[in-house]
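The primary structure of each chain is shown beneath.
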Amino acid sequence: MSLPAHLSLILDLSPVPWTALSHSTPPLSLRAFLAQALVFLNAHLALRNENSVSVFGALPGRSVGLYPPPGRGHGHGRRQAGGEEEGSGGGDENTFHVFGQADEGLMSRVEEEVAGLEEVEEDTPPALVGALTKSLCYINRLSNPPPPLNPTNAAPAPPHARIVLFSVSQDASMAYIPFMNCIFSAQKLKVPIDVCKLDDSEVIFLHQASHLTGGAFVHIDQREALLQYLSMCFLSETETRKTLAVPTQDKVDFRAACFCHKEIVDIGYVCSVCLSIFCTPVAQCSTCHTKFSPDTLLRFGGSATNGHSNGTTA
Amino acid sequence: MSAYAAGPSTPTPNGAKKWLTRAPATYNKLPGTLFLSPDRLVWKQDGVPQPPVNVQLLKASAIFNSKEGALPVRLKVVFTDNEKGFQFAFSSPTPSEALAQRAEFVAHLTPIINRNKSLLSGSPGSAPATPAPGPSTPGAERSATPGAPGAATAIGQENALRRSVLLSHPDLAALHKDLVISGQLSESEFWHGRAHLLSAARAQAGQKRGRASQLVDPKPQTGEGGDIKIVITPQLVHDIFEEFPVVARAYSENVPNEMSESAFWARYFQSALFNQNRASTRSSAPQHIVKPDPILDRYLEPDDDGSAPRQIFSTAVDRLLDLGATEEDHEETGNERDVTMQPGRERGILPLIRRFNVHSERLLQQALGEAPAGKRRKLEGGMDERFDPNDYYDEIVLDDLIDHHASTGVQLDLLNSSLFSTSTTVRKAAGDDAPVRTPSESRALLADFRAQTADYLRPLHALKPARKAADAALQAMTASVQRQHAAHAALPPIPAEFFRQMTTCQTAANEFLRQFWGAVLPPPPPPPPIYAGVGSGVSGGERLGLSNRERAQKAQKMAGYLARTGEKVDALVSAARGEGVDPERVRAAFGPLMSAVDKALKLYAQRRKKT
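Residues numbered from 1 in each chain as written. Chains lettered and ligands numbered in written order. Predicted model: local features only at pLDDT ≥ 70, side-chain atom pairs only at ≥ 80, totals over all residues. Heavy atoms only, no water.

Some thoughts on the overall build of chain B
- When you go through chain B residue by residue, the secondary structure sums to 23 helices and nine strands.
- Going through the 611 residues of chain B one by one, you find that 30% of them count as buried.
- The long-range fraction of contacts in chain B, counting pairs at least 24 apart against all pairs at least 6 apart in sequence, stands at 60%.
- Within the structure as shown, chain B displays about 39,800 Å² of accessible surface, and the carbon and sulfur contribution to it stands at 56%. (Helix = DSSP H or I, 4+ residues; strand = E, 2+ residues; numbered from the N terminus. Buried < 20%, exposed > 50% of the residue type's maximum accessible area, 1.4 Å probe, protein only. Contact = heavy atoms within 4.5 Å. Areas by Shrake-Rupley, 256 points an atom, 1.4 Å probe, with all protein chains shown as cover.)

The following block contains the structure:
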């Protein structure tokens, strides 16, 4: 009997890209997106009784946990203005209670967070890395549960977890180093990161993330049929993926960002001690403070040829 | 030593031959004479006109002498095509004469053999002694000047190293054969960047084998008819004297006064002394029973199977481990001494075990040198030197016993943490046109955004998947999966011979590229002093010594070779069709190589235009 699965969604909730997306062709508004995401969530929960889900949101400059609601018990959602029955679980009786709970809990939190947005911050990128980190911490907590109070009870088996990340904007090369660290933690935890790209901008690091962790990277062409993409590529569990052929983008751009200016570089200089990348030769590595020999600097700085790849230091 | 002609001299077939030296010697137990000329070695048996041994010295590879002082005086000459060689025993009546004659032969043969050796190592990677063209020949000729017996020059050593590296790396040897023998690259260019291989080989050659650690234990072999037989070599004798000084003493006292050497050994191997010194069990067959021997039995020692070994090596024990140091504290407890701690289970084995211990201790002392003595001096500080109680402090103190103040932890402060923080402003991409919004526009945007998240149930219930779009999506994804599968499908293998041609073309082009970039780019920094002293002085000098003009020449040569690579690839592609391989596949396989070659050639053209 295979293990229960845990799905972790990471949503990008910054206003500016979504507005741009809803005005593009074919348009995709946040409303439609949220509806389809909820259906996807419910489908996952329906697959097995013990399946669980967690959602994290990335707002400009900060990241929040959306579901399960942090600090509050389950099932205490706000009542909808749609006039449903009053009940401890909320939602109407025609809805499967698990779905109702999840949807209600998630949407109330989303509304809360979005209502808290004060102003449009053009330049602050969404804190995707923060959301990713929180998600990984949550998964880690699930995988190593605290010992049960009654020692005779066997601890529940930790679930297989995977992360689905919805991206609507360019990735921030500022966050290269923390992002790579997240990828390595995901590798250690054996959590594949799937990436669903809704808009058309360049994302190099998300490519690398899905490639390194064994997830799928899908660029959505037909935005109205988002649900089709979700159910075809992202719904299957990790175990089942081995037998299915999941469509993913094969060609991965393995470029990296330099550590000094956070620009993406093709060819750079690598410190032989800590493997940090620089776009121009520096006298001292900023991460490990290794002093590089002046002969090497002369060679690289003074040589007329350029483009000899990856000079390593003595 | 002057030339010495003695013994019966048989008439030579052609009387005009000029011999360097001659001497009476036996070969295959037949008496005769040994002659040496500058290019030949001849041995004639007495009374037989035709010399059975008549060899050219071109192929002489080594000579071996028997031990000084061991009779008979032997000389063995080994050739490259005759590993067994020829063994002669100088048969002059007096041993000193025979020794002198042998020394004469050795003096003449040694420079010849050294010359042969340098000639041999001058030809890379091949056995026959024909010297190879290239810069190695002047080196070999230089080392062949007579008057320098036994000392190979640095060039000869270098060539020997190169040969050993090629022998241990067969793919490198193949590349070397392709490029250097065909004359496209020269030796020094080939080894230009591979100095690390040479230094590794040099280090390996410099390692000396240590002493053998086996206990000397000659076993008698049963010959036919029940005779026991032991082969006595001078090396064995030397080892026995070293291992068992008693036997050395017996030998020095008794030979040659009381008994001859051979008699001594015969009686020794049958005596109780030998039995006592054995290191393994002996069979009790009748011919192996020891005979009592009046002289040798004087050296017998009583068996070493008491409760304490007779020979205690280190009287000094580390004070921290010395159990006897606190014995006075235990007397009053009333416990008896522990008699169950007996060494060995059977008394008969004790002497054997103790002999092993003695042997191991001797080996250790020889290997480690004076270190144990130094330590002993420190430990006996109470008696000879001033006692310093702090001598043992370092060994007693444990880190856990020291009360470190509870550290609050080290705060990991990244220097220049601003580099790693993600809160700085993102660099705008070139095409990004961020519209400048008026505050009212921003408010409207936000309000609209918020409205999207409210009241989720309605759009959820109203959700209907767009049919056409969904179908299109499905088609697109299926097509991409199919494409991936097609790309990963296994292609039919390329025939081995053709593949080998492709790989040789690739490796040759790689080598040219390496040489090209080595000539074009600035030279690497000199190696740190640790490595410079090990004998890389010779190669280091030639590596850094390429002048600018030489580098330019080399770059030009390499550029020429690289230009021809394009033609080679085209030839392979057109040959591919004949072999049944898809030519496009071959061209794609050479794709990265061609782009590298193009890059190099482009750079070279740019440089030429500049200068």
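On we go.
Description of the overall build of chain A
- Helix and strand counts for chain A come out as nine helices and 10 strands.
- Considering chain A as a whole, with its 314 residues, one finds that 49% of them fall into the buried category.
- For chain A, restricting intrachain contacts to residue pairs at least 6 apart in sequence, the fraction spanning at least 24 positions comes to 68%.
- Counting every atom, chain A has about 14,800 Å² of accessible surface; 54% of that belongs to carbon and sulfur.

Thoughts on the packing of helix H4 (residues 170-181) of chain B against helix H18 (residues 496-520) of chain B
Residues and elements named next belong to chain B.
- Where H4 contacts H18, the two axes come as close as 11 Å, and the packing angle between them is 70°. It follows that H4 is roughly perpendicular to H18 by the angle criterion. Counted together, Leu175, Asp178 and Leu179 of H4 and Thr504, Thr507, Ala508, Glu511 and Phe512 of H18 form the full contact between these two elements.
- Taken together, the residues that form the contact of H4 with H18 break down as four nonpolar, two polar and two charged. (Axes fitted to C-alpha atoms, helices over the stretch in contact; angles between N-to-C directions. Parallel < 35°, antiparallel > 145°, perpendicular 65-115°, else oblique. Nonpolar A, V, L, I, M, F, W, Y, C, P; charged D, E, K, R; others polar.)

Regarding the pattern of salt bridges
- This structure, assessed with the given rule, holds 14 salt bridges over all chains.
- Here Lys242 of chain A makes a salt bridge to Glu239 of chain A, at a shortest N to O gap of 3.7 Å.
- Looking at Lys242 of chain A, the relative accessible area reads 65%, which means it is exposed.
- On the basis of relative accessibility, which here comes to 38%, the residue Glu239 of chain A falls in the partly exposed class.
- Across the salt bridge formed by Glu497 of chain B and Arg500 of chain B, the nearest N and O atoms sit 3.1 Å from each other. (Salt bridge = Lys/Arg side-chain N within 4 Å of Asp/Glu carboxyl O.)

Some remarks on the nonpolar core
Residue and element names in this part refer to chain A.
- Core analysis: the largest hydrophobic core is formed by 56 residues, its most contacted members being Trp18, Phe33, Leu198 and Phe234.
- With eight residues, the top contributor of residues to this core is helix H2 (residues 30-47).
- Those residues within four positions of Leu198 in sequence are excluded, and the remaining contacts are Trp18, Leu21, Leu28, Phe33, Ser167, Val168, Ile220, Arg223 and Leu226.
- Counting residues in hydrophobic clusters, the runner-up holds 41 residues, among them Leu136, Ala161, Leu206 and Ala257. (Core = buried A, V, L, I, M, F, W, Y, C linked by side-chain atoms within 4.5 Å.)

Considerations on helix H1 (residues 15-22) of chain A
- Listed as buried for H1 of chain A are Pro15, Pro17, Trp18, Thr19 and Leu21 of chain A.
- Where H1 of chain A is buried, its residues touch strand E1 (5-12) and H2 of chain A together with helix H15 (439-453) of chain B.

So, the sheet that holds strand E3 (residues 62-67) of chain A
All names here are of chain A.
- One open sheet accounts for six strands, arranged E3-E2-E1-E4-E5-E6; its pairing is mixed. The open sheet has two free edges, formed respectively by E3 and strand E6 (217-219), since each of these has just one partner strand. Taken over all neighbouring pairs, the strand axes of this sheet differ in orientation by 20° on average, direction set aside.
- One ladder, built from seven bridges, connects E1 with strand E2 (residues 52-59); its direction is parallel. Across the sheet, the residue bridging to Asp12 is Ala58, located in E2. (Pairing = 2+ DSSP bridges.)

Thoughts on the state of the cysteines
Residues and elements named next belong to chain A.
- Taken as a whole and assessed by the stated rule, the structure comprises zero disulfides over all chains.
- Free of any disulfide, Cys196 has its nearest neighbouring cysteine sulfur in Cys233, separated by 8.2 Å.
- Accessibility expressed as a relative area gives 0% for Cys196, which makes it buried. (Disulfide = S-S within 2.5 Å.)

Section: a nonpolar patch on the surface
- On the surface, Leu320, Leu321 and Ile396 of chain B cluster together into a nonpolar patch covering about 310 Å² of accessible area.
- Tracing the sequence through the fold places Leu321 of chain B in the loop between helix H10 (272-276) and helix H11 (327-330). (Patch = residues over 30% accessible without salt bridge, like charges linked within 9 Å, V, L, I, M, F, W, Y side chains within 5 Å.)

Digging into the packing of aromatic side chains
Residue and element names in this part refer to chain B.
- Enumeration according to the criterion identifies 16 aromatic pairs over all chains in this entry.
- Centroid distance Phe264 to Trp265: 5.2 Å. Interplanar angle 75°. Geometry classified as edge-to-face. When sorted by exposure, Phe264 lands in the same class as Trp265, which is buried.
- Both rings, one in Phe512 and one in Tyr561, keep their centres 4.6 Å apart while their planes meet at 25°; by these two values the pair is stacked. Of the two residues, Phe512 sits in helix H18 while Tyr561 sits in helix H21 (residues 548-579), which places them 49 residues apart along the sequence.
- Look at Phe512 and you get buried, because its relative accessible area is 1%. (Phe/Tyr/Trp six-rings, centres within 6.5 Å; stacked < 30°, edge-to-face > 60°.)

Examining the environment of Thr213 of chain A
Residue and element names in this part refer to chain A.
- Mapping Thr213 onto the fold places it in helix H6 (residues 204-213).
- As a C-alpha pair, Thr213 and Ile193 span 20 residues in sequence and 6.1 Å in three-dimensional space.
- Setting aside its immediate chain neighbours within four residues, Thr213 contacts Ile183, Ala186, Gln187, Val191, Pro192 and Ile193.
- Only 2.7 Å separates the side chain of Thr213 from the backbone oxygen of Ala209, close enough to count as a polar contact. (Polar contact = N/O pair within 3.5 Å; in protein donor to acceptor, adjacent residues only side chain to side chain.)

What about the pairing of E2 of chain A?
All names here are of chain A.
- With seven of eight residues buried, E2 is to be regarded as a mostly interior element.
- The sheet contact formed by E2 and E3 spans five bridges and is antiparallel. Within E3, the position partnered with Leu59 by the bridge is Arg62.

Regarding a negative patch on the surface
Residue and element names in this part refer to chain B.
- Judged by side-chain charge, Glu328, Asp329, Glu331 and Glu332 come together as a negatively charged surface patch.
- As for its position among the elements, Glu331 is in the loop between H11 and helix H12 (350-368).
- On the basis of relative accessibility, which here comes to 64%, the residue Glu331 falls in the exposed class. (Lys, Arg positive; Asp, Glu negative; His and termini not counted. Charge placed at Lys NZ, Arg CZ, Asp CG, Glu CD.)

Regarding the confidence of the model for chain B
Residue and element names in this part refer to chain B.
- For chain B, per-residue confidence averages 72 on the pLDDT scale, and residues scoring 70 or more make up 71% of the total.
- Counted against residues more than four places away or in other chains, residues 422-433, with its pLDDT under 50, gives 12 contacts.
- Every residue in residues 531-544 is under pLDDT 50, and counting partners more than four places away or in other chains gives 15 contacts.
- For this predicted complex, the interface confidence reaches an ipTM of 0.71, while the overall pTM sits at 0.50. (pLDDT = per-residue confidence, 0-100.)

Focus: the confidence of the model for chain A
All names here are of chain A.
- In the predicted model, chain A carries a mean pLDDT of 80, and 85% of its residues have values of at least 70.
- Segment residues 73-90 is flagged for pLDDT under 50; beyond a separation of four residues in sequence, or across chains, it makes 18 contacts in the model.
- Across residues 303-314, where pLDDT falls below 50, the model places 25 contacts with residues more than four positions away in sequence or in other chains.

Brief notes about the side chain of Ser276 of chain A
Residue and element names in this part refer to chain A.
- Relative to the assigned elements, Ser276 resides in the loop between strand E9 (269-270) and strand E10 (277-278).
- The exposure class of Ser276 is buried, given its relative accessible area of 2%.
- Apart from residues lying up to four places away in sequence, Ser276 is in contact with Phe259, Tyr269, Val270, Cys271, Cys285 and Thr287.

Re the pairing of strand E6 (residues 73-79) of chain B
Residue and element names in this part refer to chain B.
- Along E6, five of the seven residues are buried, which leaves the element largely enclosed by surrounding structure.
- With five bridges joining them, strand E5 (residues 60-65) and E6 adopt antiparallel strand pairing. Its bridge partner lying in E6, Phe64 is registered against Lys76.

Remarks on unusual backbone geometry
- Between Thr25 of chain A and the following residue, Pro26 of chain A, the backbone shows a cis peptide bond with an omega angle of -15°.
- Here Pro26 of chain A shows up in the loop between H1 and H2.
- In this structure, Pro68 of chain A follows Tyr67 of chain A across a cis peptide bond, with omega equal to -5°.
- Mapped onto the fold, Pro68 of chain A is located in the loop between E3 and helix H3 (97-115).
- The residue Lys29 of chain B is not glycine, and still its phi comes out positive at about 65°.
- Considering the arrangement of structural elements, one finds Lys29 of chain B in the loop between strand E1 (21-27) and strand E2 (30-36).

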